[in-house]
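# Chains, contacts and geometry: an overview
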Amino acid sequence: MEFVSIDHGKLVKNLNLAKSIDDVQACIDQLSRAREKIAADPRSASVTLAKLQNGMKKPFDQVFDDLKEVYNGQGKYSKQLDKKFKDKPLPTSSYDALVSQRALINRAIAMHLLREGQFSVASTFVQEASLNTSVDTMDVDTANSYTTPERKLGVNSLDSEALRKQFADMHNVLEELRNRNLLPAIEWARANSKALETRGSNLEFELGKLQFIHLFLGGSSSDDTKNIWEGQQRALEYARHEFGRFQNRYLREIQQLIGAMAYCPNLQQSPYRRIFCNDDAWDELGSTFMREFCSLLGLSADSPLHVAATAGAIALPTLLKLQNIMKEKRTEWTTQHELPVEIPLPPAYHFHSIFVCPISKEQATDENPPMMMPCGHVIAHESLSRHAKVIPLKQLELGIGIFPPGSLEEHESLRSKLRYDQNLEAEREKMKGNPGLSAGYLGSTGFRKVVKCTILIKKKEGMSDEEFVEYYNNKHAQMATDVILRHQPITYSLTYHLSSDRRRMQDILHGKAQLLDYDAICTFVFPDWRALAKFMYDKDCKALAGDHGNFMDESQMKMMVGDEFMLVEDGKRCEHQA
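Only a predicted model underlies this, so the values are computations on that prediction, with no experimental measurement involved.

### Observations concerning a negative patch on the surface
On the surface, a cluster of negative charge is made up of Asp-279, Asp-280, Asp-283, Glu-284 and Glu-461. For Asp-279, the position within the fold is in the loop between α14 (273-276) and α15 (281-296). Note on Asp-279: relative accessible area 70%, which makes it exposed.

As structure tokens, this is what we get:
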């Protein structure tokens, strides 16, 4: 890339057409004077044109000389680009999963244009793309005189004026946010307050918080004491009118906003500088608003077309290398619905886990979903159907029976297939003694015989230790406690690893401590694996997961689960029999 950068610098330096423009303007001025002279005295036309012919040669030559250096720079730069970025054919396969899904691709493109606010372009695209549909589709559609271009593309929902109006409203709100006007966004959030609260979103409060800051700083835009006072008063009046309904959940944040008044106009050196002097707050809130808006429409936060194109660009180098290897070894890529190699995508592009059945070695799909055993093991539904009639009763007693959670009808069907005629209560009693669900390790001593789940937590970027502890202790952990208590927990505790703790440890070890880059450890202790599984599959755990983004970096979360071997307890050595 070094030579490309050098030639690019030369091109930028020489790409100055000011001199060429001046020379061209000189030619135009000379022609204009000749025209005026001929208009004043037509008899001098021949003499004037003869002089003009000789006089124009030099300016034209000068223009060409000026452009020659620019052309040479462009040529050298193009050669360097071609040399560095060689034209490589895209990987091809006869097993293209989307080759017959043109309508799906067109829908993604049209929806992307709508999300970007390009409504006229989207309408034109739908009209023109419909002309390229297959002959068979056209034949079917012509039977219906009311068939629209959107229906030919399989994108009939794009014909909805309501959908277009919603996207138009979204872009209008975003435009107002760029103009520092929060009122349209606040009105939208207030109208959708219940839906946002159900999702665990804090958008409505964040909009009100930024409005408070905007009013607060709007009064301190100059050194005029009167303006500073007026700004504080407007912000305080807004807080009194709007923040009352947020006190139960955001009391700490409201106290910080009000407390900042004591530091005005010296906010830059105050403890609240991060809150009131955040240049990225408006852009971040705009992104949050778009994400929540799309979520309430049942759409993903990011454009599927953008996500697919980005993931494809990341995968291209690996696929090109794979194609070369297959060409050398004369093999073919024969799997249509999965890639033959792993593509390392960023964490933001990991939308769901992939389950492979341990029996059939097949990947689960919507038609063949994973099914959970009482012992926690999971296999695919087709494996269940194939082997249901031959699973021995002894395996059922050990917990190797598959009962999909939340599906009583299928549960009864499976019981019939497995000829398991005992009643449900007796079945549960057997499961209580299930060694596959019991804590501890077979044949071992000294263990507590519990299931201890330890989770490493990294706080949200930009959050102080005090804010992190306050939110975790008094909000998230309190919600989690209500859910955990339903499932016979032994203990639930939080251990913090704050900046002050790290400094003390470094002082003790003279700066040589190898410390984990995490801020807290969350620990659950349950009597057995069944209790842990029931907690993790509790329907209210979804609400807990939705709250993670308010105080932690979920992508950095790590977990370990197992039993404890006790060496010292209650200040005494534990004696273990061999």
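Read on, since the account is not over.
### Structural notes on a nonpolar patch on the surface
Side chains of Trp-529, Met-536, Tyr-537, Met-559 and Val-561 sit close together on the surface and give an oily, nonpolar patch of about 500 Å² of accessible area. Breaking the nonpolar patch down by element, the ones donating at least two residues are α23 (529-536) and β6 (558-562). Positionally, Tyr-537 belongs in the loop between α23 and α24 (541-546).

### Examining the packing of aromatic side chains
The tally for this structure, following the rule as stated, stands at 22 aromatic pairs. Taking the centre distance of 6.2 Å and the plane angle of 65° together, the rings of Phe-246 and Tyr-250 count as edge-to-face. Every member of this aromatic cluster is reached through a ring pair, and the members are Phe-205, Phe-212, Phe-216, Tyr-238, Phe-243, Phe-246, Tyr-250 and Phe-276.

### Regarding helix α3 (residues 45-84)
Helix length check: α3, at 40 residues, gives a terminal C-alpha distance of 57 Å against a target of 58 Å (1.5 Å per residue), a fit within 8%. The sharpest bend along α3 reaches about 25° and sits at Met-56, with the proline Pro-59 one to four residues further on. Those residues of α3 that sit buried are Ala-45, Thr-48, Leu-52, Met-56, Pro-59, Val-63, Asp-66, Val-70, Gly-73 and Tyr-77.

### Concerning the environment of Ala-545
With respect to the helices and strands, the residue Ala-545 is situated in helix α24. Owing to a relative accessible area of 34%, Ala-545 belongs among the partly exposed residues under this scheme. Ala-545 sits 65 residues away from Ala-480 along the chain, and the two C-alpha atoms are 10.0 Å apart.

### Here we look at helix α4 (residues 102-115)
Note: α-helices contain 3.6 residues per turn, so residues at a spacing of three or four share the same orientation. When the terminal C-alpha atoms of α4 are compared, their 20 Å separation across 14 residues agrees well with the 20 Å that a helix rising 1.5 Å per residue should span. Residues of α4 that are buried: Asn-106, Ala-110, Met-111, His-112, Leu-113, Leu-114 and Arg-115. Where α4 ends, the next residue or the one after it, Gly-117, has phi of about 85°, a positive value.

Reading guide: rules and limits
- All residue numbers refer to positions counted from 1 along the written sequence of the respective chain.
- Reporting in this predicted model follows two pLDDT cut-offs: at least 70 for local features of residues, and 80 or more for side-chain atom pairs to be given and counted; totals over whole chains, interfaces and linings ignore these cut-offs and use all residues.
- Side-chain measures here rest on the full set of heavy atoms in the structure, leaving out hydrogens and waters.
- Only residues above 30% relative accessible area that lack a salt bridge enter a patch, with like-charged residues linked at up to 9 Å and the nonpolar side chains Val, Leu, Ile, Met, Phe, Trp and Tyr linked at up to 5 Å.
- Computed by Shrake-Rupley with a 1.4 Å probe, the accessible areas treat only the displayed protein chains as cover when residues are assessed.
- For this document, the term salt bridge refers to a Lys or Arg side-chain nitrogen within 4 Å of an Asp or Glu carboxyl oxygen.
- Positive charge is attributed to Lys and Arg, negative charge to Asp and Glu, and no charge count is given to His or to the chain ends.
- Note on charges: their place is set at NZ of Lys, CZ of Arg, CG of Asp or CD of Glu.
- Strands are runs of DSSP state E lasting at least 2 residues, helices are runs of H or I lasting at least 4, and numbering of each runs from the N terminus.
- The rule is simple: take the accessible area with a 1.4 Å probe, protein chains only, and divide by the maximum for that residue type; under 20% is buried, over 50% is exposed, in between is partly exposed.
- For Phe, Tyr and Trp, where Trp contributes only its six-membered ring, two rings pair if their centres lie within 6.5 Å, and the inter-plane angle classes them as stacked under 30 degrees, edge-to-face over 60, or tilted in between.
- Take the residue count of a helix, subtract one, and multiply by 1.5 Å to get its expected span.
- To get the bend at a given residue, fit one axis to the seven residues ending there, fit another to the seven starting there, and take the angle between those axes.

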